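Letter by letter, the chains look like this.
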Amino acid sequence: MSELIQGETGAWEIVIGLEIHAQVTSKSKLFSGAATEFGAAPNAQVSLVDAAMPGMLPVINEYCVEQAVRTGLGLNAKINLTSVFERKNYFYADLPQGYQISQFETPIVGEGEIEIDLPDGSTKMVRIERLHLEQDAGKSMHDQHPSKSFVDLNRSGNALMEIVSMPDIRSAAETAAYVSKIRAILRYLGTCDGNMDEGSMRCDVNLSVRRPGDEYGTRAEIKNMNSIRFIQQAIEYEARRQIEIIEDGGEVVQETRLFDTSTGETRSMRSKEDAHDYRYFPDPDILPLVIEQSFVDSINDNLPELPDTLKHRFIGDYGMKPYDASVLVAEKTRAEFFEAVAKGRDPKLSVTWVTTELMGALNKADKSIEESPVSAEALGGLVDLIADNTISGRIAKDVFAEMFETGKAAADIVEEKGLKQVTDTGAIEALIDEVLSANADKVEQYKGGKEKLFGFFVGQVMKQSQGKANPAMVNQILKDKLNG
Amino acid sequence: MTHLTDLTIKQALDAMEKGEFTSVELTQAHIDAMQAAQDLNAYIVETPELALEQAAASDARRKTGEAGLLEGIPMAMKDLYCTKGVQTTAASKILKGFKPEYESTVSQNMLNEGMVMLGKANLDEFAMGSANITSHYGDVINPWKRQGDDTNLVPGGSSGGSAAAVAARIAMGATGTDTGGSIRQPAAFCGITGIKPTYGRCSRWGIIAFASSLDQAGSFARTVEDNAIMLQAMAGHDPKDGTSVNTPVPNYREALTGDVKGLRIGVPKEYRVDGMPEEVLALWEKGIDWLKEAGAEIVEISLPHTKYALPTYYVIAPAECSSNLSRYDGIRFGQRIDEGGSLDDLYELTRGDGFGDEVKRRIMIGTYVLSAGYYDAYYNKARKVRQLIHNDFTDAYQKVDAILTPTAPSAAFGIGENTEDPVTMYLNDVFTVPASLAGMPGLSLPAGLDKNGLPLGLQIIGRPFDEETVFKVSGLIEEAAQFTAQPQMTASKRAA
Amino acid sequence: MSIDKDTVKKVSRLARIRLTDEEMENFPGEIDGIMNWIEQLAEVDTDNVQPLTSVVDMQMQMRKDEVTDGDCRDAVLANAPETTEGFFVVPKVVE
């Protein structure tokens, strides 16, 4: 299902491929023993190797190799038992060696695929082309001085996993879904923390447009995006930009662009007088990386449950709607919250209360699940009160609102406010008798055929009881009385 | 009484052990010699104060009974090894003034064994050359001269300064590096002994990289035994170098038994090249005879891809160096030329001014052969031919235990000769490059003189990590050759 | 495959080396000569031959994930021609 964009001369299809750079959660760098923690003083986390001093040599971090394999397995991808590190040669201030150690022809992970969750609840498969390990570059600051730039190499040499998708994505919404799913998988595996605002996960968006059915068009690359919201804006803008160019008779230039968050536009990054010739060749300081199948197997055996497995389990075992399931599994903490609530409790109630009531309240208050004033235990307590008929669902909503405000336990609030549900048959009968006798005329009308009035009677009884009467019982007894 | 500078390392170690003289005395004698021989331009930087400090510390250690393998021995350190706090230039303008904050693993190993450092030896810029005529700090002059001819001769390269220093007796030993012959060829030109061990035997950490898959640290000394002592001190696994092999370092001196009975020595027919001087061939024959007489079996072998070794090397080495030298950009060390332009201007000016011609040529060839469209035709092709060259050796070692060849196609030539075009200079390494490409250990020792009285060397190539056999065979040839000739300009002759 | 001035210009640009006029005069011929000499490699039959990746016959040695390095800013900056407040300084780059 492609979303087509209408141009002046007809419909256009957007074709998107993503390159995601995810920083590995290692303590030290890919080829040096310097620390990787975010936020250190400039050049404080730089070893002589990172600074590319004469005579320095790289030695690989085994943890990074392991995380790349884990991530590959999480992407349902082929693990290449032999892979090679190559040098990507170019000159830039934040690249002290004058080359980046990366993988080109034989990456550690080959083809895979993941399932993405679209807003309407449907899913789509997006194919992964490859994942490879590479060094991150340092950081240059260009805005501190009129004629100079300042270079900090702390980030230089950090381990990145570059995840490249096939150009299977067709809209901004699909892109958002893809990025979210990748992020979730990485976080579930613990191979990357996915903190886009700290830069531990960055996206390059490759976008082209074409008439449906045509060959791929020329693509432009929008680099270094670290916000899903901005990615979507950039895609909207760039697609329009390219369509306009083509419809005006021009040609899209293959180039690198940046997204300007203040204007909402993409702009060309560098003048393209010389296309990059990276002269990739195998790094002679690094032997080929050979891993055993047994190594891969043991990692596979120890993988945690991944988002999609959880999602399908939630749909299957709990009868959750696909969209709700996808929202819950997008963050492991949410999924864990739900499972804590749902354990030993009614699935339907648990689902409703977590996905609709709690998530709704959190969204409104702009809080994450970690910041929820209502803990899983507390919410479970509320669900228990509904399940054993202590309070009605209607009352429960009020109780919940109070719990969210005050952090108090459900039982305490019910006790304090005397909100216990009325389930005593006699009491309900009495209430009903009151209402019926007060509305004798309407009773006659009901008996005469106006069936809609049933709801009116129910409403009156609920009102009389300040909402505390058990609705199901009210319905049953009222029916008996009216029909009997 | 032998002049202190004419002793071998072994003799000096024994004498100091007996208390005949101190390291300070030995070192002072070499400092005086070094300073009297500055016309050779063998050293870029002399470090006499540091040397005397180290010598004094060595004497103190000896008094407590501690003595390392090289205890108190004054040596020259090729200026490609990063030495902490001491200028390291790779003989280039681009690194003028660079003082590393770290010590290379190999030089640290030697310091741990008690070595005394006299200074940083001159070399071809970034180790690229076969005559030591590309150094920013001037040519090195070979202490040997042709009989009756005052022409200054080249010492060979790239480790020309190291070789000249040892030959002129202004160092007892010296480190070098060998990528295509840069230890073996200057050893031959200077009438001394030098070894390039198996690739991976010594650590490359802290040695300025030229061609990573070929560079290897090695030693120069005046005897096979001295080299055995030096290599033992230098070699060993280094976890900081991913290409350094974790295999124990044997006691190489113990291999010098002189017993080559039953050893099979290969003589590769492809090393008999057209136009090779008669004297070189004759010396090779002599070497064969000496080994035969000692009971070795001589086997004619074929290394069929020999003639392609040089062009293979001149694709692979420049390719790797073009990338290894990208870090010389004026930002973190070395010289910087900033005329107020862009970052790219800074790079271009700094590197254009900082690198010499030979380095620039090789960077450009390397960049070219790796560039889009040419990778398969050149770089990949060369790597395949390299595999065939490697296979040639592996196949040969099914039939032989070591291989005997001449080291160089001629004796040392005059400075300014052989410079019509780069390729002529490259041909100096025709016998040494194949072993480099295959990663095999190779040693050169002086075995005779040519008609001009200049030394000629023989090369012994061995199996990977079988330096012991290399030393054993070399020891036998050394004993048979009785090479006692000395260059005209040695320290003791000057002192006289 | 002839190396001309244009090729030399392109390659020197890729390598970030500014050549003098004299070098621009001499290099094309010299490099062309070297490349022609290298051409003989084409004679070698390398069908079914794997390119040699390393002469070292051993497994890649890996490091444990521990912080064992860095935190040596002074050493890192010691030889830099221009620094300020812990940063390396370069001419401003416009992206």
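Above this text is the structure in question.
Residues numbered from 1 in each chain as written. Chains lettered and ligands numbered in written order. Predicted model: local features only at pLDDT ≥ 70, side-chain atom pairs only at ≥ 80, totals over all residues.

### Describing the pairing of strand E11 (residues 455–462) of chain B
Residues and elements named next belong to chain B.
No. 1: Where burial is concerned, most of E11 is hidden: eight out of the eight residues are buried.
No. 2: With burial as the criterion, each face of E11 is covered, one bearing Pro455, Gly457, Gln459 and Ile461 and the other bearing Leu456, Leu458, Ile460 and Gly462.
No. 3: Where strand E9 (residues 402–406) meets E11, five bridges bridge the pair, whose relative direction is antiparallel. Across the sheet, the residue bridging to Thr405 is Gln459, located in E11.
No. 4: Two strands pair when backbone bridges link them, and strand E10 (residues 442–449) and E11 are joined in this way by seven bridges, in the antiparallel orientation. Bridging from a neighbouring strand, Gly448 pairs with Leu456 of E11.
No. 5: Linking E10 to E11, which pair antiparallel, is a turn of five residues; within it Gly453 sits at a positive phi near 80 degrees. (Buried ≥ 20, exposed ≤ 12 C-beta atoms within 10 Å, placed from the backbone. Helix = DSSP H or I, 4+ residues; strand = E, 2+ residues; numbered from the N terminus. Pairing = 2+ DSSP bridges.)

### Quick look at the interface of chain A and chain C
No. 1: Contact with chain A, which involves 43 residues of that partner, is made by 33 residues of chain C.
No. 2: For the side of chain A that touches chain C, the secondary structure elements donating two or more residues are helix H1 (62–74), strand E9 (148–152) and strand E16 (289–290) of chain A.
No. 3: In terms of residues, the side of chain A that touches chain C owes the most to one element, E9 of chain A, which gives five residues.
No. 4: Here the residues of the side of chain A that touches chain C are counted per class, giving 23 nonpolar, 13 polar and seven charged.
No. 5: Here E9 of chain A runs beside strand E2 (residues 87–91) of chain C; their pairing, made up of four bridges, is antiparallel. Bridge pairing links Lys148 of chain A to Pro91 of chain C in E2 of chain C. (Contact = placed C-beta atoms within 7 Å. Nonpolar A, V, L, I, M, F, W, Y, C, P; charged D, E, K, R; others polar.)

### Digging into the interface of chain C and chain B
No. 1: Contact with chain C, which involves 39 residues of that partner, is made by 58 residues of chain B.
No. 2: Those elements that provide at least two residues to the side of chain C that touches chain B are helix H1 (5–14), helix H2 (21–38) and E2 of chain C.
No. 3: Counting residues per element, the side of chain C that touches chain B draws most heavily on H2 of chain C, at seven residues.
No. 4: Of the residues contributing to the side of chain C that touches chain B, the split by class is 28 nonpolar, eight polar and three charged.

### Thoughts on the nonpolar core
No. 1: Counting residues in each nonpolar core, the largest one holds 298 residues, and the members touching the most others are Leu382 and Val399 of chain A together with Met75 and Ala165 of chain B.
No. 2: Two domains share this core, each providing at least three of its residues, namely domain 1 (4–299) and domain 2 (305–417) of chain A.
No. 3: In this structure, Ile428, Ile432, Ala469 and Leu478 of chain A belong to the second largest nonpolar core, which totals ten residues. (Core = buried A, V, L, I, M, F, W, Y, C linked by C-beta atoms within 7 Å. Domains from an automatic or database assignment.)

### Here's the deal with the pairing of strand E6 (residues 217–221) of chain B
All names here are of chain B.
No. 1: With five of five residues buried, E6 is to be regarded as a mostly interior element.
No. 2: Neither face of E6 is left uncovered, since the one carrying Ala217, Ser219 and Ala221 and the one carrying Gly218 and Phe220 both have all their residues buried.
No. 3: Here four bridges tie strand E4 (residues 173–177) to E6, and the two strands are oriented antiparallel to one another. Across the sheet, Thr175 pairs through a bridge with Ser219, a residue of E6.
No. 4: In terms of strand pairing, strand E5 (residues 193–196) meets E6 through three bridges, oriented antiparallel. In the strand pairing of E6, Thr193 is matched with Ala221.

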